[in-house]
Amino acid sequence: KGNKNIGVIFKKWSDFDGGITVNSNGANNRVVQFGSQMRPSIFKVKLEGNESIGLLFDSSDSNVFEVGGTDSGYTGTNQGLVELSSIDAKNNTLVLINDGKVNIGNQNSILKISGGEKNTAIFTKASGDILNNKAKIYITDSNKSTGIYAKQSGTVNNSGNLDISGKAVNGIVADAAIIN
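Here goes a summary of the coordinates provided. (Residues numbered from 1 in each chain as written. Predicted model: local features only at pLDDT ≥ 70, side-chain atom pairs only at ≥ 80, totals over all residues. Heavy atoms only, no water.)

1. Description of the overall build of the chain
Stage number 1. For the chain, the helix and strand inventory stands at zero helices and 15 strands.
Stage number 2. Across the 180 residues that make up the chain, the buried fraction comes to 41%.
Stage number 3. The long-range share in the chain, meaning contacts at least 24 apart out of those at least 6 apart in sequence, stands at 79%.
Stage number 4. Of the roughly 9,400 Å² of accessible surface on the chain, 44% is carried by carbon and sulfur atoms. (Helix = DSSP H or I, 4+ residues; strand = E, 2+ residues; numbered from the N terminus. Buried < 20%, exposed > 50% of the residue type's maximum accessible area, 1.4 Å probe, protein only. Contact = heavy atoms within 4.5 Å. Areas by Shrake-Rupley, 256 points an atom, 1.4 Å probe, with all protein chains shown as cover.)

2. Some words on the nonpolar core
Stage number 1. Ranked by size, the top nonpolar core spans 30 residues in total, and within it Phe-57, Leu-111 and Ile-122 carry the most contacts.
Stage number 2. In contact with Leu-111, other than residues within four places in its own chain, are Val-82, Leu-84, Leu-94, Val-95, Ala-121, Ile-122, Ala-135, Lys-136, Ile-137 and Tyr-138. (Core = buried A, V, L, I, M, F, W, Y, C linked by side-chain atoms within 4.5 Å.)

3. So, the side chain of Thr-146
Stage number 1. With respect to the element layout, Thr-146 can be found in strand β12 (residues 146–151).
Stage number 2. Look past the residues within four positions of Thr-146 in its chain and what remains in contact with it is Ile-113, Asn-119, Thr-120, Ala-121, Ile-139, Asn-170, Gly-171 and Val-173.

4. Section: the sheet that holds strand β4 (residues 64–67)
Stage number 1. Taking strand neighbours across the sheet as the criterion, the four strands line up as β4-β7-β10-β13 in an open arrangement whose pairing is parallel. Pairing within the sheet leaves two strands with one partner each, and these edge strands are β4 and β13 (156–158). Each strand of the sheet is rotated relative to its neighbour by a mean of 10°, with strand direction disregarded.
Stage number 2. Bridge analysis of strand β10 (residues 131–133) against β13 gives three bridges, and the strand direction is parallel. (Pairing = 2+ DSSP bridges. Axes fitted to C-alpha atoms, helices over the stretch in contact; angles between N-to-C directions.)

5. Side note on a positive patch on the surface
Stage number 1. A surface patch of like charges, here positive, comprises Lys-90, Lys-118, Lys-144 and Lys-167.
Stage number 2. Structurally, Lys-90 is set in the loop between β5 (81–87) and β6 (93–99).
Stage number 3. For Lys-90, a relative accessible area of 44% corresponds to the partly exposed category. (Patch = residues over 30% accessible without salt bridge, like charges linked within 9 Å, V, L, I, M, F, W, Y side chains within 5 Å. Salt bridge = Lys/Arg side-chain N within 4 Å of Asp/Glu carboxyl O. Lys, Arg positive; Asp, Glu negative; His and termini not counted. Charge placed at Lys NZ, Arg CZ, Asp CG, Glu CD.)

6. Thoughts on the sheet that holds strand β2 (residues 42–47)
Stage number 1. One open sheet accounts for five strands, arranged β2-β5-β8-β11-β14; its pairing is parallel. In the strand order of this sheet, the two ends are held by β2 and β14 (162–167), each with one partner. Put simply, the sheet's adjacent strands are angled 5° from each other on average, direction ignored.

7. A look at the side chain of Asn-158
Stage number 1. Assignment of secondary structure puts Asn-158 in strand β13.
Stage number 2. Using a relative accessible area of 16% as the deciding quantity, one classes Asn-158 as buried.
Stage number 3. Within the structure, the side chain of Asn-158 is placed 3.1 Å from the backbone oxygen of Gly-160, a separation counted as a polar contact.
Stage number 4. Apart from residues no more than four positions distant in its own chain, Asn-158 is found in contact with Asn-133, Ile-148, Ile-172 and Asn-180. (Polar contact = N/O pair within 3.5 Å; in protein donor to acceptor, adjacent residues only side chain to side chain.)

8. Some details on the environment of Ala-168
Stage number 1. Mapped onto the fold, Ala-168 is located in the loop between β14 and β15 (170–175).
Stage number 2. Linking Ala-168 and Lys-118, residues 50 residues apart in sequence, is a C-alpha distance of 9.7 Å.
Stage number 3. Beyond its immediate sequence surroundings of up to four residues, Ala-168 is in contact with Lys-144 and Ser-145.

Take a look at the structure:
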């Protein structure tokens, strides 16, 4: 709760989709054995204040942020996931991409805006960087909110469903950007 908060900031690239082999140095200082591979990450952020951000990407690294996805080499049962929500708020952004290549790769991921006004599920202004989105975007009973806003960004590939309702709500806005 509160205003002008940020859930998670990514200033440098990180690997989120699991599958990396976990190495041990042989020291007997482990408390819990996690198996031989890193698990895919799960991001759940609930924004209840105003002017807040769920996930902020600001990295010029050439690697792709694989949030909500699962590496093809991962042998476990856990799947990566993104669940972000904004409830009765103003001017929130669930995913803000200032810089960086982002892939929200799980079709079970959810970006949800309920009520409020002038909120955005995904806002990208990462010039020349690609965004791939498979997450479902829900906007219900909101005023002047937007599903995806691409402003002078790289190509945006969206295969996630958009289910929107409210007053003056936009599904996708391309402002000097390509959206597929």
